[in-house]
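Residue strings, one per chain:
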Amino acid sequence: VGLLNVIPAVAGDCVYLPSGTIHALGAGILVAEVQTPSDTTYRMYDWDRVDGSGKPREMHLEQGLANTRFDVRAADLRPRPARAAAGWSAACEPLVRCDAFQMDRIEVRGTGEITPITHRPEALIVLAGGMRIQFAPGAEVEVAAGRTVVLPEGMSPVRCSPVDDLAVALRITAP
């Protein structure tokens, strides 16, 4: 004991774990996990779960330890609490800036405009409420909470508005 850091989960918090940080989620946790493009996961412990055939899932202790970052301090992992924004002009809150991506929390109460980064695709993950996204006059999509929309590179600015009073989303872009 004393070897692990426990960070209590609070709805709306953002915890950035640099690639190579050993981590686990507790029961009943729903996360929006944004990661660097990779299909690699090193499983170091699996709570005795089994695969579809009833066999223990493969562990990757050697590879996991070889790729573990030991320089990440507990103080670096403090959650960033969500803050309410007053309106569209103050509705973008930077959450993560790293080499692979940046993530902002946006809160839409009225109608606002998102200017996509023209040289990269980006994603909007709707966390709460529903969001209407207008790509052009007459071209609109409604995105429910828990859904994601990808804006292709070279996209013109899009107009966003909440389905009801408020929509909250994550905006993920490449730097």
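See the structure printed just above.
One structure accompanies this document, and this report is about it. (Residues numbered from 1 in each chain as written. Predicted model: local features only at pLDDT ≥ 70, side-chain atom pairs only at ≥ 80, totals over all residues. Heavy atoms only, no water.)

### Observations concerning the sheet that holds strand β4 (residues 122-128)
Backbone hydrogen bonds are what pair the strands of a sheet, in a parallel or an antiparallel way. As a reminder, the rule being used: Two strands form a pair only when DSSP identifies at least two bridges running between them. Only DSSP runs of H or I with at least four residues qualify as helices, and only runs of E with at least two residues qualify as strands; both kinds are numbered from the N terminus onward. Each axis is a line fitted through C-alpha atoms, taken for helices only over the stretch in contact, and angles between the N-to-C directions span 0 to 180 degrees.
Ordered by their spatial adjacency, five strands build an open sheet running β1-β2-β9-β4-β7, and the pairing between neighbours is antiparallel. Strands with a single pairing partner mark the edges of an open sheet, and in this sheet they are β1 (92-97) and β7 (148-151). For this sheet, the mean angle separating the axes of adjacent strands, direction not counted, is 20°. Pairing geometry for β4 and β7, over four bridges, is antiparallel. Within β7, the position partnered with leucine 124 by the bridge is valine 149.

### Some words on the pairing of β1
Where β1 lies against strand β2 (residues 102-108), five bridges are found, and the strand directions are antiparallel. Across the sheet, residue arginine 97 finds its bridge partner in β2, namely glutamine 102. Turn length for the β1-β2 hairpin, with the two strands adjacent in sequence and antiparallel, is four residues.

### Regarding the packing of aromatic side chains
Test applied: Geometry of aromatic contacts follows a simple scheme: Phe, Tyr and Trp rings, the Trp one being its six-membered ring, pair when their centres are within 6.5 Å, and the pair is stacked under 30 degrees between planes, edge-to-face over 60, tilted otherwise. Classification of residues uses two cut-offs on accessible area relative to the type maximum, computed with a 1.4 Å probe and protein chains only: under 20% is buried, over 50% is exposed, and between them is partly exposed.
For the structure shown, the criterion picks out two aromatic pairs. With centroids separated by 6.4 Å and ring planes inclined at 75°, the aromatic side chains of tyrosine 16 and phenylalanine 101 adopt a geometry described as edge-to-face. In this pair, tyrosine 16 sits in the segment before α1 (61-66) while phenylalanine 101 sits in the loop between β1 and β2, placing the two residues 85 residues apart along the sequence. Taking the relative accessible area as the measure of exposure, phenylalanine 101 reaches 7% and is therefore buried. Measuring from centroid to centroid gives 5.1 Å for tyrosine 45 and tryptophan 47, while their planes differ by 65°, and the two rings are edge-to-face. Judged by relative accessible area, tyrosine 45 falls into the partly exposed class, the value being 48%. Judged by its relative accessible area of 51%, tryptophan 47 falls in the exposed class.

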